[in-house]
Amino acid sequence: MKNQREKNIEELIERGRKWMALQGKPLTTERQYLHYVRRFLWFTFTQPRELSSEKKFENWLTHLVLDHDVAESTQGVAFNAVCWFYKCVLNRPMQAVDALRASKPARVRTALPVQDVLRLLDDVRDVSGYPTRLVTRMFYSCGMRLCDAVNLRVKDIVFARREIIIRGGKGKKDRVIGLPADLIEPLQRQLIVAHQKF
């Protein structure tokens, strides 16, 4: 019985994986969504068969909060994952779902003082010829994400307008960010090094 259930779940997960690829979802989204879909599908076997999918979903979301003490954002991702699965893969959108929602405690935002950040940035060293120090400064100064820096192309740095064009960033959207003056010279030096290597 368990082997058949496992086989059925894996077939559904594989269908979900194909839908993710068709929709061009990032690999991180695919992994996260399918993780929660798999958990939900296993949970449904613990529920009475006569319950509707929506009721099982409500019970699972409440179970995540009460038994696993998940954060509001985690429950939100789980909610979106299962709703996406029902809508896109099963072609049966969820109707009204009324579950216990995780609450987000009020937190005071904290940040390192500027001097501490500058000391940290000064301590970063290049590793094996890779411009680790420059990339770290770009993260901090420009608010770049890791994938933004890794996918950055020379033609996306516009020195004349002091901007960097991020192509296909989060949500597959392009965006423009400012290029701080103190990064212009190090970036130009790095471009010279890169041109000499290739």
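Residues numbered from 1 in each chain as written. Predicted model: local features only at pLDDT ≥ 70, side-chain atom pairs only at ≥ 80, totals over all residues. Heavy atoms only, no water.

Q: Any details on the side chain of Q75? Residues and values, ideally.
A: Along the chain, Q75 turns up in helix α4 (residues 72–89). A polar side-chain atom of Q75 sits 3.1 Å from the main-chain carbonyl oxygen of L61. Leave out the neighbours within four places in its chain, and Q75 touches L61, V65, V70, L100, R101 and A102. (Helix = DSSP H or I, 4+ residues; strand = E, 2+ residues; numbered from the N terminus. Polar contact = N/O pair within 3.5 Å; in protein donor to acceptor, adjacent residues only side chain to side chain. Contact = heavy atoms within 4.5 Å.)

Q: Lay out unusual backbone geometry in plain terms, naming residues and giving numbers.
A: Non-glycine residue N91 carries a positive phi angle of around 55 degrees. Tracing the backbone through its elements, the reader meets N91 in the loop between α4 and α5 (114–123). For R162, which is not glycine, the phi dihedral falls at a positive 55 degrees. Note that R162 resides in the loop between β1 (157–158) and β2 (163–166).

Q: Got a sec to walk through the packing of helix α6 (residues 132–142) against helix α8 (residues 181–197)? Specific residues and values, please.
A: Following both chains from N to C, one finds α6 and α8 inclined at 150 degrees, their axes separated by 11 Å at the closest point. In terms of crossing hand, the pair formed by α6 and α8 is left-handed. Facing α6, whose interface residues are L134, R137, M138, S141 and C142, α8 presents D182, L183, P186, L187 and Q190. The residue inventory of the contact of α6 with α8, partitioned by class, reads six nonpolar, two polar and two charged. (Axes fitted to C-alpha atoms, helices over the stretch in contact; angles between N-to-C directions. Left-handed = near helix turned anticlockwise from the far one by under 90°. Nonpolar A, V, L, I, M, F, W, Y, C, P; charged D, E, K, R; others polar.)

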